[in-house]
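# A closer look at the structure
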Amino acid sequence: MKRFFFLIMVTSLLFALGCDDDSSNNSNNINNTNNTNNTNNTNNTNNTNNLNCVDADSDGHNGYDATACPTGDDMCDDDAFNTTQDGCDNCVDGDGDGYGVGCDLGDDCDDNNGDVHDTCGGCMDADSDGHDGYDATTCPTGDDMCDDDEFNITQDGCDNCVDGDGDGYGVSCDLGDDCDDTDGAVHDLCGTVYDVCYLGDFEVNNSDTVACYSVTDATAFVLPMAGVESDSGVDSVAFSPDGSKYAIAGADLNGDAVLNVYSMDSTEVVSVAVFTAAHDVQIVNAAFSPDGAYLAFIADSQTNGANELFFAPADGSASPTNVASSTAGALDVSMFAWSPDVSGSARYLAYRGDLVTDGEYGLWTVDVTAGTLAPVAIESTGVSFGLAFDSAGVLYYKKDVAGVYQLWTTNIDGTSTQQLAGTVLANASADASIGTFSISPSGTTIAFSANAPNELNYDLYVMDLSGSTAVRMSDMGQIEDAVDTRGVSLYADITWAPDGSSLGVVADWMFTG
């Protein structure tokens, strides 16, 4: 965000009111008044002269005149800032307090501040940057050598700081240079693109650390995690969609479960959630909403092992809201997904859990912006692992139908629930089951595994969601293992490259296509 500073010049206009010297005419008039020849009339004439006092400069002091106003105390009645008979120099008063060079009230130690004229010996912060201006005599403790520049706050120099985005960083700024002076959220990370972030005890044994690595620069950046004890373990890590913030969940010094949000470009820390309970609460699966405004997460805050779904503003402005509560350890939420920002709100959640009957996994959606949360039941049973939205806000999930796992879709309100065309495949024995699936970053393509055409071999397929024909990306051939399945893992995610050009899978075979 750019800041613009405007200097308003206030010009004091001093109006000098001149009086014509018509005393001779007055004398003639008095002389022509033949009747003014007694004492009473003479006294009246003198009183009239006394009443001729004039305050020409409106400073509250009548102008002195030996004849017309001998009682006047203002020798310089054309200068509002000279109020005594001590002299008539032109008063130079920049701040309008009556003090300044040549002013009868006296000098002004700070002629830019109308509230101060004789107490300048103390420290002052002229540019209101929170740092007193340095002066060897009057303020030796001041730490601002450049008190006319809010972005120069140290004694290291007084060059003019050029800061285009108002973050305090820029050319000749004491805080340092700015690698992007158009973005106030960034100043020192512009040249590095971190390709992967990871969690582990790679620095100290049994002490968790989160770091990001740049393949191009071959550099690693360890992320600060103030407020989370690394020795207690990190339970969840999430990054905002724009990459400017990250969230870490773990335990603090008191052993309480906490979820904090950190800025990639500063030391800012925001507390989003704190849970204190008799048991060791865990916050897991934290995820930002598509617009980065909210965080959703799972935590067993009430009963040990009873996982509940929460969401909270990522700026910590409100306490977490419980979306799906549970007090029984056997009934809980197992996974969730945010919808894309297709409605302009980006506030819908879909979640899976056995919240009604133990072992019966249903599917719900909910608008978290509603004043009263009203979950919509999509499925009551048979929902397997895997939830994802496409770019249009359609929800994809895996469902167990008579022992065969199928891919299904539904709208956020539960309408148009149906099996996904193009994923109905078969092998020699029966209809094929879907293993894992993933929607591309663009939300327009789906990748999935299925045991087709061979029952014990899970191959990789890709399909454009605008069509209905899946393309097999791998070929297991006729390799079969009578003991277990082969191919794409049923327990690891299919991962897309950010640009959607390639896929990463965990499998126990070698690609041939």
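Relevant structure appears above.
Figured I'd write up the structure that's included with this text. In this convention, every chain numbers its residues from 1, walking through the sequence in written order. Only residues with pLDDT of 70 or above have their local features reported here, since the model is predicted, and side-chain atom pairs are shown and tallied only from 80 upward, although totals for entire chains, interfaces and linings are computed over all residues. Side-chain metrics in this entry use all non-hydrogen atoms of the structure; hydrogen atoms and water are not considered.

### Details of the state of the cysteines
Two cysteine sulfurs form a disulfide in these notes if their separation is within 2.5 Å. Taken as a whole and assessed by the stated rule, the structure comprises 2 disulfides. Linked covalently through their sulfurs, Cys53 and Cys69 form a disulfide whose S-S length is 1.8 Å. Torsion about the S-S bond of the Cys53 and Cys69 cystine: about 100°, corresponding to right-handed handedness. Here Cys53, found in the loop between α2 (39–50) and β1 (196–204), pairs with Cys69, found in the loop between α2 and β1; they are 16 residues apart in sequence, far enough to count as distant. Covalent S-S linkage joins Cys197 and Cys212, the inter-sulfur distance amounting to 1.9 Å. Measuring the twist about the S-S bond at about 100°, one finds the Cys197-Cys212 disulfide to be right-handed. Secondary structure follows DSSP: runs of H or I at least 4 residues long count as helices, runs of E at least 2 residues long count as strands, and numbering of each begins at the N terminus.

### Quick word on the sheet that holds strand β8 (residues 283–288)
Ordered by their spatial adjacency, 4 strands build an open sheet running β8-β9-β10-β11, and the pairing between neighbours is antiparallel. Only two strands of the sheet have a single partner each, and these edge strands are β8 and β11 (321–324). Ignoring strand direction, the axes of neighbouring strands in this sheet form an average angle of 25°. Strands qualify as paired when DSSP identifies two bridges or more between them. Sheet topology places strand β10 (residues 308–313) next to β11; 3 bridges connect them, and they run antiparallel. When the bridges of β11 are listed, Phe311 appears paired with Thr321. For helices, the fitted axis covers only the stretch in contact; all axes are lines through C-alpha atoms, and the angles between them, taken along N-to-C directions, range from 0 to 180 degrees.

### Points about a nonpolar patch on the surface
Residues enter patches when they are more than 30% accessible in relative terms and free of salt bridges; like-charged ones are connected within 9 Å and nonpolar ones (Val, Leu, Ile, Met, Phe, Trp, Tyr) within 5 Å. Computed with the Shrake-Rupley method and a 1.4 Å probe, the accessible areas treat only the protein chains shown as cover for residues. Here, a salt bridge means any side-chain nitrogen of Lys or Arg that lies within 4 Å of a carboxyl oxygen of Asp or Glu. Judged by side-chain polarity, Val196, Tyr198, Phe202 and Val222 come together as a nonpolar surface patch covering roughly 300 Å² of accessible area. The greatest single-element share of the nonpolar patch, amounting to 3 residues, is contributed by β1. Mapping Tyr198 onto the fold places it in strand β1.

### Some thoughts on the nonpolar core
Generally speaking, nonpolar side chains in soluble globular proteins are found buried as a group. Of all hydrophobic cores here, the largest spans 20 residues; its most connected members are Leu259, Phe275, Ile283 and Phe297. Put simply, the parts of the chain that give this core at least two residues each are β5 (245–251), β6 (257–263), β7 (269–275), β8, β9 (294–299) and β10. A per-element tally of this core places β7 first, with 4 residues. Note on definitions: a residue-residue contact is assigned when non-hydrogen atoms from the two residues lie within 4.5 Å. If near-sequence neighbours (up to four positions away) are discounted, Phe297 is found in contact with Leu259, Ala273, Phe275, Ile283, Val284, Asn285, Ala286, Glu308, Leu309, Phe310, Pro320 and Phe336. Nine residue types can take part in a nonpolar core, namely buried Ala, Val, Leu, Ile, Met, Phe, Trp, Tyr and Cys, and a core is a set of them joined through side-chain atoms within 4.5 Å. Under the scheme applied here, a residue whose accessible area is under 20% of the maximum for its type counts as buried, over 50% as exposed, and between as partly exposed, the area being computed with a 1.4 Å probe on protein chains only. Leu420, Ile446, Ala452 and Ala470 belong to the second largest nonpolar core, which has 17 residues in total.

### What about the environment of Tyr262?
Tracing the sequence through the fold places Tyr262 in strand β6. Since its relative accessible area comes to 2%, Tyr262 is described here as buried. Each C-alpha atom, one on Tyr262 and one on Leu223, is 8.9 Å from the other, the two residues being 39 residues apart in sequence. Apart from residues lying up to four places away in sequence, Tyr262 is in contact with Pro224, Met225, Ala226, Val228, Ser244, Lys245, Tyr246, Ile248, Glu268 and Val269. Here a polar contact means two N or O atoms within 3.5 Å. Within protein one must be a hydrogen donor candidate and the other an acceptor candidate, and residues neighboring in sequence count only if both atoms are side-chain atoms. At a separation of 2.6 Å, a polar atom in the side chain of Tyr262 contacts the main-chain carbonyl oxygen of Ala226.

### Some details on the pairing of β10
Of all 6 residues in β10, 6 are buried; the element is thus mostly enclosed. By the alternation rule, side chains of β10 split into Glu308, Phe310 and Ala312 and Leu309, Phe311 and Pro313, which are all buried. Sheet analysis places β9 next to β10, joined by 6 bridges and oriented antiparallel. Bridge pairing in β10 links Tyr294 to Pro313.

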